[in-house]
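# Analysis of the macromolecular model
The chain contents come next:
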Amino acid sequence: MTSTPAPAPPATDAPPKRRRHVVVPAVSGAVTVLLLGALAKGCESLAGGPVLSETAFREHVRHTQDAGEDAVRRLGIDPATVVDRKEMGHPSCKDDLGVDADGVTRDQPSVTWEPDFAGRAAYVAAVTTLREEWSARGMTVRDVPAPAEGEPGAGLPGVRATDDHGIELSLGPDWLSGEPTLVADGGCVRHRGYLIDWE
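Within any chain, residue numbers begin from 1 and follow the written order of that chain's sequence. For a predicted model such as this one, the threshold for reporting local features is a pLDDT of at least 70, and the threshold for listing and counting side-chain atom pairs is 80 or more; totals across whole chains, interfaces and linings nevertheless cover every residue. Think of the side-chain values as coming from all heavy atoms in the structure, minus any hydrogens and water.

Helix numbers and strand numbers start at the N terminus; a helix is a DSSP run of H or I with at least 4 residues, a strand a run of E with at least 2. By this rule, a helix spans an expected 1.5 Å times one less than how many residues it contains. Compared with the 30 Å implied by 1.5 Å per residue over 21 residues, the 31 Å span of helix H2 (residues 54–74) between its first and last C-alpha is a close match. Throughout this description, buried means an accessible area under 20% of the type-specific maximum (1.4 Å probe, protein chains only), exposed means over 50%, and partly exposed covers the range between. Listed as buried for H2 are Phe-57, His-60, Val-61, Thr-64, Gln-65, Ala-67, Gly-68, Glu-69, Ala-71 and Val-72. Downstream of H2 by one or two residues, Gly-76 has phi in the positive range, about 80°.

Now the structure itself:
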């Protein structure tokens, strides 16, 4: 008696291995594009960030001053009565790697106010006010520890936050004089052109 061979299994469309070969190049291509994008962003960050137009930089300077003035007003003080200084440069804001093209400048706009507080209690109340105001606006607030005994501003805690324009705001004792200072710092920015006047 002869046995009949079992029927062959029905043919399937395509073996799974073949499908994987089609998917893998597509996935690896997407990964390559993402890695190149991250590398370009990293190089830009290492170079000092994007280069703003002269107009955009002037707008950034205006945001810096406005953010600081708003903080001073929240303390019930007229900013025009306590402006201490406006600065554009900072020792750390330099093109140390030589990556800036011709016509690109680096500046770090900052404005400092020195409000006069009646005493430590009034100052601490101001720190609390700004912490609450900035938190209510959704800003990430960081407490700054008070300088140690014997240092300028010993015993005066501070507060710091960054707004949605990237402006860092802080209230704390000045590192040199120890006097309470409110600072709006626009950070180191690369831009085209030169800012001649800052009113």
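There's plenty left to go through after this.
What follows concerns the environment of Ser-92. Within the fold, Ser-92 resides in the loop between strand E2 (83–87) and strand E3 (104–107). Counting along the chain gives 96 residues from Ser-92 to Cys-188, while the straight-line C-alpha distance between them is 8.2 Å.

Let us look at the layout of surface pockets. Estimated volume of the largest pocket: approximately 590 Å³. Forming the walls of the largest pocket are 24 residues, and the residues nearest its centre are Ser-170, Asp-174, Trp-175, Thr-181 and Val-183. Contributions of two or more residues to the lining of the largest pocket are made by E2, strand E4 (110–113), strand E6 (158–162), strand E7 (168–173) and strand E8 (180–185). A total of five residues in the lining of the largest pocket trace back to one element, the largest contributor, which is E7. Classification convention: Asp, Glu, Lys, Arg as charged; Ala, Val, Leu, Ile, Met, Phe, Trp, Tyr, Cys, Pro as nonpolar; all other residues, Gly among them, as polar. Taken together, the residues of the lining of the largest pocket break down into nine nonpolar, nine polar and six charged. Buried and open spaces are told apart on a 1 Å grid over the protein atoms alone, a cavity being a set of points where a 1.4 Å probe fits but cannot get out and a pocket being an open set with protein on both sides within 12 Å along at least five of seven lines. Residues with an atom within 4 Å of a point are the lining residues. Grid points are joined across faces, edges and corners, and a volume is the space filled by probe spheres set on the points.

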